[in-house]
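# What the coordinates show
The lines below spell out each chain.
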Amino acid sequence: MELLTTEEIARELGKLPGWTLHDKEIRRTFEFRDFTEAMGFVVSVALLAEKANHHPDIDIRWNTVALALSTHSAGGLTAKDFTLASQIAALC
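Residues numbered from 1 in each chain as written. Predicted model: local features only at pLDDT ≥ 70, side-chain atom pairs only at ≥ 80, totals over all residues. Heavy atoms only, no water.

## So, the nonpolar core
- Core analysis: the biggest nonpolar cluster contains 20 residues, and Trp19, Ile26, Phe41, Leu67 and Ile88 have the highest contact counts within it.
- The set of elements that each furnish at least two residues to this core consists of helix H1 (6–14), strand S2 (25–31), helix H2 (35–52), strand S4 (64–69) and helix H3 (79–89).
- The greatest single-element share of this core, amounting to five residues, is contributed by H2. (Core = buried A, V, L, I, M, F, W, Y, C linked by side-chain atoms within 4.5 Å. Buried < 20%, exposed > 50% of the residue type's maximum accessible area, 1.4 Å probe, protein only. Helix = DSSP H or I, 4+ residues; strand = E, 2+ residues; numbered from the N terminus.)

Structure, rendered in structure tokens:
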């Protein structure tokens, strides 16, 4: 899978409110009412990730879930990252 250019990354980020660029990954933090709701979200993300065979880094802190996406095998951001981010955003 090919790495996206700086311009492509900026264009794709413009379609994903709340996601930000950090080095070679995109990140977003989600806040929920409680731990149970946060864990339900994580399970939904896990199902999407398994289907796509593309797995985010996930950090869970009680009612807060932070996600980071990057295509490690390509060494940066690819279309796979933005496709999965869009699917995750549709969960909320």
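So that's the structure; there's more coming.
## So, the pattern of salt bridges
- Inspection of the entire model under this criterion finds four salt bridges.
- Among the salt bridges present, the one from Glu12 reaches Lys15, with a minimum N-O distance of 3.2 Å.
- Taking relative accessible area as the criterion, Lys15 reaches 54% and is therefore assigned exposed. (Salt bridge = Lys/Arg side-chain N within 4 Å of Asp/Glu carboxyl O.)

## Details of the side chain of Asp81
- The topology assignment puts Asp81 in helix H3.
- Summary of buried charges: Asp81 has no salt-bridge partner, and the nearest side chain of opposite charge, Lys80, is 7.9 Å away.
- Non-local contacts of Asp81, meaning those with residues more than four positions away in its chain, are made with Ile26, His54, Leu69, Ser70, Thr71 and Gly76. (Lys, Arg positive; Asp, Glu negative; His and termini not counted. Contact = heavy atoms within 4.5 Å.)

## What about the packing of aromatic side chains?
- Counted under the stated rule, the structure contains three aromatic pairs.
- A centroid spacing of 4.9 Å and a plane angle of 40° characterise the contact between Phe32 and Phe41, whose relative ring orientation is tilted. Of the two residues examined, Phe32 and Phe41, each falls in the buried class.
- Through a chain of ring-to-ring contacts, the aromatic side chains of Trp19, Phe30, Phe32 and Phe41 assemble into a single cluster. (Phe/Tyr/Trp six-rings, centres within 6.5 Å; stacked < 30°, edge-to-face > 60°.)

## Section: the pairing of S4
- In this structure, S2 lies alongside S4, joined through six bridges in antiparallel fashion. Each residue of the ladder has a partner; that of Glu31, found in S4, is Thr64.
- Note: strand S3 (residues 57–61) against S4, five bridges, orientation antiparallel. If you follow Arg61 over to S4, its bridge partner there is Thr64. (Pairing = 2+ DSSP bridges.)

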